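# Tertiary structure, described
Below, each chain spelled out in residue letters.
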Amino acid sequence: DLKRAMTLNGLAWSSLIMVGGIVAGQTVAYFGVQACFVFDSVTYFVSAVVLCFLRGNYKVLQQEGGGQSPSTDKNRHYTIT
């Protein structure tokens, strides 16, 4: 089952890369480079706003390493409940 899942994942990834390139090329040809940069900026801003409104109860499941800071502790595991 894992092999099938990996194959389907690779197929989906390759297909989306191809479709994305075609759509990007057509968008640049039709609207121009500046409009594409504006659209890209707007979508990043929308993503940032959506991330600001995500809610969750984040808990540390396991911590090892003697209380290192979260940015350097590679053994922290998080979950959303």
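How each quantity is defined
- Residues numbered from 1 in each chain as written.
- Predicted model: local features only at pLDDT ≥ 70, side-chain atom pairs only at ≥ 80, totals over all residues.
- Heavy atoms only, no water.
- Helix = DSSP H or I, 4+ residues; strand = E, 2+ residues; numbered from the N terminus.
- Buried < 20%, exposed > 50% of the residue type's maximum accessible area, 1.4 Å probe, protein only.
- Areas by Shrake-Rupley, 256 points an atom, 1.4 Å probe, with all protein chains shown as cover.
- Phe/Tyr/Trp six-rings, centres within 6.5 Å; stacked < 30°, edge-to-face > 60°.
- Expected span 1.5 Å × (residues − 1).

Time to look at the overall build of the protein chain. Scanning the protein chain from terminus to terminus reveals 2 helices and 2 strands. Reading the helices (α) and strands (β) of the protein chain from amino to carboxyl end gives α-α-β-β. Across the 81 residues in the protein chain, those meeting the buried criterion constitute 4%. Only carbon and sulfur atoms are counted for the fraction: they give 67% of the accessible area of the protein chain, which is about 7300 Å².

The subject of this paragraph is the packing of aromatic side chains. All chains considered together, the criterion is met by 1 aromatic pair. Summarising the aromatic geometry, the rings of Tyr30 and Phe31 are spaced 4.7 Å apart at their centres and angled 90 degrees between planes, so their arrangement reads as edge-to-face. We classify Tyr30 as exposed; its relative accessible area is 67%. Phe31 gets classed as exposed once you look at its relative accessible area, which sits at 57%.

Look at helix α1 (residues 2-31): 42 Å from first C-alpha to last across 30 residues, which is about the 44 Å you get at 1.5 Å a residue. Summarising burial for α1: 0 of the 30 residues are buried, a small minority. One or two steps after α1, the chain reaches Gly32, where phi turns positive at roughly 100 degrees.

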